Amino acid sequence: MESTDSYKVRLEVFEGPLDLLLYLIKKQKIDIHHIPIATVTKEYLEYLNKKKRININREAEFLFMAALLIYIKSRMLLPREKVINEEDPRQPLVHRLLDYQNIKGASAILRKKEDEEHLKWKRTSQPPLLKGEDLELEEVSLFDLAEAFFSLMKRRESQDFRIIKGKEFSVEEKIKEILTELKKNSFLDFLDYFYQQESLEEALVSFFGLLELIKTKVVVAVQEQLFQAIKVWLTKDYYAWQN
Amino acid sequence: MAKLMDSKLKNIIEALIFVSIEPLTEENIRKVLEEFPQEEIDKAIRELLQSFSDNEKGIQVTNSGGGYLFSTKPEYDSWIKRLLHIERKNKLSSAAIEALSAIAYHQPITLAEISALRGVDSSHTLKTLLQKKLIKIVGRKKCPGKPLIYRTSEKFLTYFGLNSLNDLPTQEEISKILEEENNFEK
Amino acid sequence: MAKLMDSKLKNIIEALIFVSIEPLTEENIRKVLEEFPQEEIDKAIRELLQSFSDNEKGIQVTNSGGGYLFSTKPEYDSWIKRLLHIERKNKLSSAAIEALSAIAYHQPITLAEISALRGVDSSHTLKTLLQKKLIKIVGRKKCPGKPLIYRTSEKFLTYFGLNSLNDLPTQEEISKILEEENNFEK
């Protein structure tokens, strides 16, 4: 259901200037191919006049059509040399009206089909047999893709704090990993190490592991100079701790 | 024995359609039943559709949206509304239906082209249709400004009970309804 | 006449059970069918249950969880699993769409970067996208750990009807579509 009622009240029931024009033509039972432009323009303007307040921004299309009608009328009134093959100034408008009329006709049929389909109720959820299965399936369009991304960005902007879910890493495992690295290379570049972590969660768990090691004085973190790389070294206590 | 076999195939297809929320395509039915010959599958589908045609069922299998789907029979609508406490289903606005027709018959189409066909700016309506997933963005037009281009979706077909875009109202049907409207107003 | 009436009641109940998300209790059935005598309703329910007992149906109504419920017959489970497997192969989960969008707009990108963008570990999702050939590995990042870097594939472009990555909808276009309503109401 379209939510904005304001959108629908534009000039009562008419969906647009073509709609109004079509109505005026039908009302006078005129052949669409031979619109008496003078009469129709007059009626069209009268109709607009009756609408006391026209919102220029919203009804601009109606005014534009009025201008177009007046233009066509003036062109038809102006005496000009007869040139064979010269297009009737009404032609483009007639084409638009015919196209539009077809759309209106199709809309009426689709509306009937909508009514018919509404009588048939469909299920909106999977039957219980399938519960528990991961069935998060969706048809994807380019719009979904772009929307997914931009809402992702929005979500991130608004989240200073977020809950991290996903694969689980244990602090114990990370401690073992860090110690293995340290034994191999005698020291560990703090930043390098974290860059290697594949997810934020993994990085956080590793960080906790490192804190644990520092707390128990098994390793020591050293920053030799301000803004320089932080390096982590094994301490003497490591060997004691190991036993 | 052969009889049992037939009805089994029909039953499998019925079960498959039943678990589908979206129309189940013949292609997917064939993929599932790859060991069965095409003719047998076709026959089983026909029999299945047939089995809902009498007055003994409250539900049916329909062929729309490019596949098969279960739904209730239309005559029981009022009872379902009672059960679900729904007075009436939301309909599309006339602007939305009009824009959909414009898109359906002129796709692929840009926003500017839709607006030109309708004579009204259609960006708001398009947004509604996108959100309802009745249309989708399918790329960009190769012209200055590279505007996005739109098409109707599978859901559009299902929504109107159409099996494919070939089932859209024909020019004859449209002319007929336009004539009827004119006569009615006279 | 009475016969027609009976089957109609049975059909209504069938339609009601079909649209219920939860098992439909007898109490609810009676509420909807308040103008019908209890015995007729009971009889119709019995007949309905009966009608699925032969070998001619792939679905059935069962009494479980305090109410009546449609389900597929258990003997067709293996076929349904086949279907779900096929459908899953063809479709993307919302996690996959999200990851794909992160890659599309941020490529070249590493797993760690995708996970950071999404706030969840994305290794599993990435594997799915690789299997579907919507993304590809294009090398390693020159940074510690030398993580693999990913890009969207040609198939990604075809899937979404794009000629090139420049054709992806921009932030402005999407916000315009999504936020037009707010502007409109101002």
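Calculation criteria
Residues numbered from 1 in each chain as written. Chains lettered and ligands numbered in written order. Predicted model: local features only at pLDDT ≥ 70, side-chain atom pairs only at ≥ 80, totals over all residues. Heavy atoms only, no water. Helix = DSSP H or I, 4+ residues; strand = E, 2+ residues; numbered from the N terminus. Buried < 20%, exposed > 50% of the residue type's maximum accessible area, 1.4 Å probe, protein only. Contact = heavy atoms within 4.5 Å. Areas by Shrake-Rupley, 256 points an atom, 1.4 Å probe, with all protein chains shown as cover. Buried area = accessible area lost by both parts, 1.4 Å probe. Salt bridge = Lys/Arg side-chain N within 4 Å of Asp/Glu carboxyl O. Polar contact = N/O pair within 3.5 Å; in protein donor to acceptor, adjacent residues only side chain to side chain. Nonpolar A, V, L, I, M, F, W, Y, C, P; charged D, E, K, R; others polar. Patch = residues over 30% accessible without salt bridge, like charges linked within 9 Å, V, L, I, M, F, W, Y side chains within 5 Å. pLDDT = per-residue confidence, 0-100. Pairing = 2+ DSSP bridges. Arc of directions from axis to C-beta. Axes fitted to C-alpha atoms, helices over the stretch in contact; angles between N-to-C directions. Core = buried A, V, L, I, M, F, W, Y, C linked by side-chain atoms within 4.5 Å. Phe/Tyr/Trp six-rings, centres within 6.5 Å; stacked < 30°, edge-to-face > 60°. Lys NZ or Arg CZ within 6 Å of the ring centre and 35° of its normal.

S.K.: Tell me what's going on with the overall build of chain A, and back it up with residues and numbers.
M.R.: Within chain A, the secondary structure is distributed over 10 helices and 4 strands. A total of 243 residues make up chain A; the buried ones form 37% of that total. Restricting to contacts in chain A with at least 6 residues of sequence separation, those with at least 24 account for 59%. Summed over its atoms, the accessible surface of chain A is roughly 15000 Å², and 55% of this surface lies on carbon and sulfur atoms.

S.K.: Lay out the interface of chain B and chain A with the relevant residues and their values.
M.R.: You'll often see interface size given as the accessible area lost when the parts meet. Across the contact, 64 residues belong to chain B and 48 residues belong to chain A. Regarding the contact of chain B and chain A, the summed buried area is about 5300 Å², with carbon and sulfur atoms giving 60% of it. Per-residue buried area on chain B facing chain A is highest for B:I21, B:K89 and B:K91; these three make up 11% of the total on that side. For the interface between chain B and chain A, the tally reads 2 salt bridges. The salt bridge involving A:E15 is made with B:R118; its shortest N-O contact spans 3.5 Å. Where chain B touches chain A, the interface holds 15 residue pairs in polar contact (both at pLDDT 80 or more). If you tally residues by element for the side of chain B that touches chain A, the top one is helix α5 (residues 94-106) of chain B, at 9 residues. Classifying every residue of the side of chain B that touches chain A by side-chain character gives 28 nonpolar, 20 polar and 16 charged.

S.K.: Describe a nonpolar patch on the surface, with residues and values.
M.R.: Residues and elements named next belong to chain A. Taken together, the side chains of F207, F208, L211 and I214 present a nonpolar region at the surface, about 340 Å² in accessible area. In this fold, L211 is placed in helix α9 (residues 200-215). The class for L211 is partly exposed, based on a relative accessible area of 40%.

S.K.: Could you give an account of the side chain of A:H118, naming the residues involved and the relevant values?
M.R.: Summarising the element assignment, A:H118 is placed in helix α5 (residues 91-118). When residues no more than four places from it in sequence are discounted, the contact partners of A:H118 are B:D77, B:K89, B:N90, B:K91 and B:Y159.

S.K.: Account for the confidence of the model for chain B, with residues named and values stated.
M.R.: Averaged over all residues, the pLDDT of chain B is 90; the fraction at 70 or higher stands at 95%. Interface confidence for the predicted complex, expressed as ipTM, amounts to 0.80; the pTM equals 0.72.

S.K.: Outline the pairing of strand β6 (residues 148-152) of chain C, supporting the account with residue identities and numerical values.
M.R.: Residue and element names in this part refer to chain C. Two strands pair when backbone bridges link them, and strand β4 (residues 109-110) and β6 are joined in this way by 2 bridges, in the antiparallel orientation. Residue pairing in the sheet places T110 in a bridge with I149 of β6. Sheet analysis places strand β5 (residues 135-140) next to β6, joined by 5 bridges and oriented antiparallel. When the sheet's bridge partners are listed, K136 is paired in β6 with R151.

S.K.: Kindly report on the pattern of salt bridges, identifying the contributing residues and their values.
M.R.: As enumerated under the stated definition, the model contains 28 salt bridges over all chains in all. The salt bridge partner of A:E117 is A:K122, with a shortest N-O separation of 3.0 Å. Salt bridges linked by common partners bring A:E15, B:E98 and B:R118 together as one network.

S.K.: Before we move on, can you summarise the confidence of the model for chain A with the specific residues and values?
M.R.: Residues and elements named next belong to chain A. Averaged over all residues, the pLDDT of chain A is 72; the fraction at 70 or higher stands at 60%. Across chain A, element-level confidence peaks in α5 with a mean pLDDT of 93 and bottoms out in helix α1 (residues 5-8) with 42. Note on residues 1-9: pLDDT under 50 across the span, and 22 contacts to partners over four residues away in sequence or across chains. In the predicted structure, residues 128-138 sits below a pLDDT of 50 and forms 25 contacts with residues beyond four places in sequence or in another chain.

S.K.: Mind laying out helix α6 (residues 111-118) of chain C, listing which residues take part and the relevant values?
M.R.: Those residues of α6(C) that sit buried are C:L111, C:I114, C:S115, C:L117 and C:R118. All buried residues of α6(C) project into a common sector of 160° when viewed along the axis, lining one side.

S.K.: For the sheet that holds β4(C), give the residues involved together with the corresponding values.
M.R.: All names here are of chain C. Read from one edge of the open sheet, 3 strands run β4-β6-β5, paired in antiparallel fashion. Bordering the open sheet on either side are β4 and β5, each of which pairs with just one other strand. Packed onto the sheet, helix α5 (residues 94-106) meets β4, β5 and β6 and runs at close to 90° relative to β6.

S.K.: Let's hear about the nonpolar core: which residues, and what values?
M.R.: One finds B:I13, B:L33, B:F70, C:I13, C:L33 and C:F70 to be the most contacted residues of the largest nonpolar core, which totals 55 residues. In this structure, A:F150, B:L157, B:L162 and C:I174 belong to the second largest nonpolar core, which totals 31 residues.

S.K.: I'd like a description of the sheet that holds strand β3 (residues 109-110) of chain B, backed by residues and values.
M.R.: Residues and elements named next belong to chain B. Here 3 strands make up an open sheet; going across it, the order is β3-β5-β4 and the pairing antiparallel. Of all the strands in the sheet, just β3 and β4 (135-140) have a single pairing partner and so form its edges. Together, β3, β4 and β5 (148-152) form the strand contacts of α5, whose direction differs from that of β5 by roughly 95°.

S.K.: Before we move on, could you go through unusual backbone geometry and cite the residues and values that matter?
M.R.: Residue B:P108 follows B:Q107 across a cis peptide bond; omega there is -5°. Positionally, B:P108 belongs in the loop between α5 and β3. Its identity as a non-glycine residue notwithstanding, A:K29 has a phi of 55°, on the positive side. Within the fold, A:K29 resides in the loop between α2 (17-27) and α3 (37-50). Judged by relative accessible area, A:K29 falls into the exposed class, the value being 55%. Of note, the phi angle at C:K133 is positive, near 60°, even though the residue is not glycine. Along the chain, the position of C:K133 falls in the loop between α7 (123-131) and β5. The class of C:K133 is exposed, set by a relative accessible area of 57%.

S.K.: Give me the lowdown on the side chain of C:N11, citing residues and values where you can.
M.R.: Following the sequence through the fold, C:N11 ends up in helix α1 (residues 2-19). The exposure class assigned to C:N11 is buried, which follows from its relative accessible area of 0%.

S.K.: Help me get a handle on the packing of aromatic side chains, residues and values and all.
M.R.: With the rule as written, the count across this model stands at 15 aromatic pairs over all chains. Both rings, one in B:F36 and one in C:W79, keep their centres 5.9 Å apart while their planes meet at 50°; by these two values the pair is tilted. Taken together, the residues B:F36 in the loop between α2 (26-32) and α3 (38-50) and C:W79 in helix α4 (residues 77-90) connect one chain to another. Assigned by exposure class, B:F36 and C:W79 land together as buried. Taken together, the ring pairs in this structure connect B:F18, B:F52, B:F70, C:F18, C:F52 and C:F70 into an aromatic cluster. Here A:R123 stacks its cationic end above the ring of B:F18, 4.0 Å away from the centre of that ring. The aromatic ring of A:W121 is capped on one face by B:K89, whose charged end is 4.0 Å from the ring centroid.

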